[in-house]
Amino acid sequence: MKTYWNTQGGLSQIDEWQPNCWIQVTCPTDEDQQMLEEQFQIPDYFLSDISDTDERARYEYDDGWMLIILRIPYVKEVRSRTPYTTVPLGIIHKRDVTITVCYYETNMMIDFVSFQQKRGEGFTDYVDMIFRLFLSSAVWYLKRLKQISMLIDKAKRNLDREVNNESLIGLSRLQDSLTYFNTSIRGNETLLSKLKFKLQIDELDADLIEDVNIEMTQARETTSIYSNILESTMDTYQSIINNNMNTIMRTLTSVTIILMLPTLVASFFGMNLINGMESWRFGFIVALVISVVVSGASWALLSYKRLI
């Protein structure tokens, strides 16, 4: 799906392409890709790179075209091993043509359009738009991190009541998401530092870049904090599980010892040997009493040693 936006004096939708407008392409169809390649002569491998979910944040030039790949946060609607992840957003520019391409429909881009329409100022140029996309991505990383923090707290409350596999698996998946976030944010920071020297920026752009740096630094540090907290939490519950397992094994071992002693007594008196109790009518009672006394003594000793 492609949308044309007039960026002068505000952000308004138009019906067809005009010079210096913004072409937003989301989940491009074959027809959209064909239009981009034939009408605007965009290198086909640009679109191929953007479609690769593992493509790193970077920029490159080819035949006057500039491609910038920015990693933005994305939440998978369907149940997944990593519900929070990142996807590439491609920014393609050449003279009076500015195009963004994303193969996923993200809340960030929807919010970006809505926020720019509320601002009512549009973009001064394509450089201003690029850095505002950087700023929006950093803000949305922080929003997603708050959601991850709430999920971590919820899982910890569940684990406080009962250590179960579902909550532990959920924490493990959130750890994967934080790893994706940390890698993508660092890649975006590196890309931003390079673009500052490649693009023609003015004083307003410099102020905007400073805001982007602040937000990205906060997002990176927040990701590191949550990752460390999550790693510490996983280690803590792993220790609890191991401790519970040791307690169970110790209890089972103690019970086995207690049950073994009367079995040993019964084995002695049950041998096919002369022991003087074969014809005694109280022989069974005596063997039973000895078994009970030995079991009780072993139970008392193990309890005193706190092994039960």
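Rules of the game
- Residues numbered from 1 in each chain as written.
- Predicted model: local features only at pLDDT ≥ 70, side-chain atom pairs only at ≥ 80, totals over all residues.
- Heavy atoms only, no water.
- Patch = residues over 30% accessible without salt bridge, like charges linked within 9 Å, V, L, I, M, F, W, Y side chains within 5 Å.
- Areas by Shrake-Rupley, 256 points an atom, 1.4 Å probe, with all protein chains shown as cover.
- Salt bridge = Lys/Arg side-chain N within 4 Å of Asp/Glu carboxyl O.
- Helix = DSSP H or I, 4+ residues; strand = E, 2+ residues; numbered from the N terminus.
- Buried < 20%, exposed > 50% of the residue type's maximum accessible area, 1.4 Å probe, protein only.
- Expected span 1.5 Å × (residues − 1).
- Arc of directions from axis to C-beta.
- Contact = heavy atoms within 4.5 Å.
- Pairing = 2+ DSSP bridges.
- Axes fitted to C-alpha atoms, helices over the stretch in contact; angles between N-to-C directions.
- Lys, Arg positive; Asp, Glu negative; His and termini not counted.
- Charge placed at Lys NZ, Arg CZ, Asp CG, Glu CD.
- 1 Å grid on protein atoms, 1.4 Å probe; cavity = no way out; pocket = protein on both sides within 12 Å on 5 of 7 lines; lining within 4 Å.
- Points joined across faces, edges and corners; volume = space filled by probe spheres on them.
- Nonpolar A, V, L, I, M, F, W, Y, C, P; charged D, E, K, R; others polar.

Enquirer: Please clarify how a nonpolar patch on the surface should be interpreted in this entry.
Expert: Residues Trp 280, Phe 282, Phe 284, Ile 285, Leu 288, Val 289, Val 292 and Val 293 make up a contiguous nonpolar surface patch of about 820 Å² in total accessible area. Tracing the backbone shows Val 289 in helix α7 (residues 283-304). Owing to a relative accessible area of 45%, Val 289 belongs among the partly exposed residues under this scheme.

Enquirer: What is the right way to read α7 from this model?
Expert: Three or four residues apart is the spacing at which side chains of an α-helix point the same way, because the helix has 3.6 residues per turn. With 22 residues, α7 extends 31 Å between its outermost C-alpha atoms, agreeing within 8% with the 32 Å of an ideal straight helix rising 1.5 Å per residue. For α7, every residue scored as buried is listed here: Gly 283, Ala 287, Ser 291, Ser 295, Ser 298 and Leu 302. Projection of α7 onto a plane perpendicular to its axis shows the buried side chains occupying an angular sector of 100 degrees, all on one side. Opposite the buried face of α7, at more than 90 degrees from it, the exposed residues are Val 292, Val 293 and Tyr 304. The inward-facing, buried residues of α7 contact α6 (203-269). Arg 306 sits one or two positions beyond α7 and adopts a positive phi of about 55 degrees.

Enquirer: Mind showing me how you'd approach the sheet that holds strand β5 (residues 65-75) here?
Expert: Consider a sheet: its strands pair through backbone hydrogen bonds, and that pairing is either parallel or antiparallel. Spatial strand order, β2-β1-β3-β7-β6-β5-β4: seven strands in an open sheet with mixed pairing. Only two strands of the sheet have a single neighbouring strand rather than two, namely β2 (12-14) and β4 (58-62). Each adjacent strand pair in this sheet contributes to an overall mean axis angle of 30 degrees, direction not counted. As paired strands, strand β1 (residues 2-6) and strand β3 (residues 22-26) are joined by four bridges and run antiparallel to one another.

Enquirer: How should I be thinking about a negative patch on the surface in this particular structure?
Expert: A cluster of acidic residues, Asp 202, Glu 203, Asp 207, Glu 210 and Asp 211, forms a negative patch at the surface. Within the secondary structure layout, Asp 207 lies in helix α6. Take Asp 207: its relative accessible area is 45%, and that puts it in the partly exposed class.

Enquirer: Sorry, what's going on with the pairing of β1 here?
Expert: As judged from the three bridges shared by β1 and β2, these two strands associate in the antiparallel manner. Paired with Tyr 4 across the bridge in β2 is Ile 14. Taking the residues between adjacent antiparallel strands as the criterion, β1 and β2 are bridged by five residues, where Gly 9 takes a positive phi near 70 degrees.

Enquirer: What should I look at first to understand the layout of surface pockets in this one?
Expert: Over the atoms rolls a probe the size of a water molecule, and in doing so it shows where empty space is left. There is about 420 Å³ of room inside the second largest pocket. Within the residue set of the lining of the second largest pocket, elements represented by two or more residues are β4, β5, β6 (84-94) and α5 (165-198). For the lining of the second largest pocket, the element with the most residues is α5, which contributes seven residues. Classifying every residue of the lining of the second largest pocket by side-chain character gives seven nonpolar, eight polar and seven charged.

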